[in-house]
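Spelled out from the first residue to the last, the chains are:
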There are 2 protein chains.
Amino acid sequence: MSTRNAIELAVSTVIFALRPEGEEAVLSIPLVRRTRDPFAGRWALPGGAAEPAESLAETAARKLFETTALRPAYLEQLYAFGDPDRSPTGRVVSVVYWALVRTELADEGVEDDNVRWFAADDLPDLAFDHNLIVRYALWRLRTKMEYSRIAHALLGETFTLAELRRVHEIVLEKPLDPANFRRHIEASGVLVDTGETVPGGRHRPPRLYRYDTTLQLADNGPLTPPKEPQ
Amino acid sequence: MSTRNAIELAVSTVIFALRPEGEEAVLSIPLVRRTRDPFAGRWALPGGAAEPAESLAETAARKLFETTALRPAYLEQLYAFGDPDRSPTGRVVSVVYWALVRTELADEGVEDDNVRWFAADDLPDLAFDHNLIVRYALWRLRTKMEYSRIAHALLGETFTLAELRRVHEIVLEKPLDPANFRRHIEASGVLVDTGETVPGGRHRPPRLYRYDTTLQLADNGPLTPPKEPQ
DNA sequence: CCAAAAGTGTTGACGGTACACCCATGC
DNA sequence: GCATGGGTGTACCGTCAACACTTTTGG
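Description of the structure in this document. No experiment lies behind these values; they were computed from the predicted model shown.

Rules used throughout
- Residues numbered from 1 in each chain as written.
- Chains lettered and ligands numbered in written order.
- Predicted model: local features only at pLDDT ≥ 70, side-chain atom pairs only at ≥ 80, totals over all residues.
- Heavy atoms only, no water.
- 1 Å grid on protein atoms, 1.4 Å probe; cavity = no way out; pocket = protein on both sides within 12 Å on 5 of 7 lines; lining within 4 Å.
- Points joined across faces, edges and corners; volume = space filled by probe spheres on them.
- Nonpolar A, V, L, I, M, F, W, Y, C, P; charged D, E, K, R; others polar.
- Near = heavy atom within 4 Å.
- Polar contact = N/O pair within 3.5 Å; in protein donor to acceptor, adjacent residues only side chain to side chain.
- Helix = DSSP H or I, 4+ residues; strand = E, 2+ residues; numbered from the N terminus.
- Contact = heavy atoms within 4.5 Å.
- Buried area = accessible area lost by both parts, 1.4 Å probe.
- Salt bridge = Lys/Arg side-chain N within 4 Å of Asp/Glu carboxyl O.

All names here are of chain B. Taken as a whole, this structure holds one cavity of 30 Å³ or more when the rule is applied. Its boundaries defined by the atoms lining it, the largest cavity holds a volume of some 40 Å³. R149, V190, Y211, D212, L215, Q216 and L217 together form the lining of the largest cavity. Partitioning the lining of the largest cavity into residue classes produces four nonpolar, one polar and two charged.

Okay, structure coming up:
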């Protein structure tokens, strides 16, 4: 029980945001450049050693903040990766989280030579098994968006149905019928009409909605969603 | 990176099997009695420290074998539990797996004063946060059985549709229409008719089926199911 | 008035549930 | 034959995708 532990425990996070790219928004992920071996110079997921005083989710959120200056709107554990040969320098088990951050804030984050946003479906060769990890995180995001109501975590406080629909379309990579999307969302009862509308377009002004914050974003069964430090 | 790690890494497994209880089969879990503090004398999930030379899944399967003398028919990672206060003696992060083992073999396992099978829905107060872990594993098992084809992992090589249906009924705790269950399973295409039937009943003899072993039991996206040591 | 997107109505295909009914065996 | 569970047929109902249609704005 109390023998010396030869296994390193790390926490990493796959962070998703929508970032403007020309006219459209693109699903993006921030990566950090490794400054040390192994994989010096390669891009990798933000993360680091687990901290004895913090919960795993707190460590994930803190690392997220340290690299992007952002707080996650949604944070969920993805998987514990622990193959013996995933790091060439010794045994490392990584508990990986995935997070959604708000579009409107994603620009304010730090970005320099060692931190950069990449399009989620066009990543370079990453360090360790991080390409696999991102692929799995993308799969989870897409799967969860089909049956859960987490899309608003990529938007701001208030939004129109068209904006919310665009989020679904970008993430799922397929067009959605506006009429059916509206009914689908309305039936789920997660939206609150703010009463306001957005004028300015050459068309009927859309209503502004807000999420019902008393509801859980996703059903994780008996596991309460991890508390995020404020 | 290579500083001394103050966090212990453990691997535990929630093992499910159907065990006869009077006339009926009951969803059961083997537990081990702790011989040391903390929680000496209390029942706990089988597990132990992670082993540098093994993958996490291998460690889970080995611990499973050491306590029950069984090999898992299905093994999947459940969650990494890492709250700072989940162990009173220091920080322990447990990567928990859940497993299904075959009914026909579940009797052969070791059972003594320190290893015992309990009904999954009637457990005592367990050590650490193991009651929560089992609750979550049960939720995952039930959720997964509704959309996946893992039930056969609780049965033997061959089985009748009625036996497979009973597995679903016991796990999901609700009766299922035999006619619709048949169509549902047949449509999924996972069953192979062995051509044999089972005589002896005072009724039309049911056919024996076998699972199509070329198919994956469950869709875990880009993550290939963990290899089990044979 | 026209263009464009918001928002509503309607229809038809599909999948699941409920349940009536026939089949094959032991006694 | 009759009881019993195996196995088939079918009708109903709710959900969802497709798409026609109306509404409200800016120009």
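Past the structure itself, the notes keep going.
This next bit is on the protein's contact with DNA strand C. DNA strand C sits among 20 residues. The nearest are R182(A), R183(A), N180(B), G201(B) and P205(B). Restricting attention to atoms of DNA strand C within 4 Å of the protein, one finds that 59% of them are sugar or phosphate atoms. One nitrogen or oxygen atom from the side chain of R183(B) is found 3.3 Å from a base nitrogen belonging to DNA strand C. Between DNA strand C and the protein, one listed contact pairs a base oxygen with a backbone N or O atom of R202(B) at 3.4 Å. Those elements giving two or more residues to the surface near DNA strand C turn out to be α3 (161–172) and α4 (178–188) of chain A together with α4 (178–188) of chain B. At four residues, α4(B) tops the list of elements feeding residues into the surface near DNA strand C. Its residues placed into classes, the surface near DNA strand C shows five nonpolar, five polar and 10 charged.

This part takes up the interface of chain B and chain A. Contacts between the two partners involve 36 residues from chain B, matched on the other side by 35 residues from chain A. Where chain B abuts chain A, roughly 3,200 Å² becomes buried across the two surfaces, and 65% of that area is made up of carbon and sulfur atoms. Applying the counting criterion to the chain B and chain A interface returns zero salt bridges. The interface formed by chain B and chain A holds six residue pairs in polar contact (both at pLDDT 80 or more) in total. Elements with a contribution of two residues or more to the side of chain B that touches chain A: β1 (8–21), β5 (74–81), β6 (92–100) and α2 (130–147) of chain B. Residues belonging to the side of chain B that touches chain A are distributed by class as follows: 19 nonpolar, seven polar and 10 charged.

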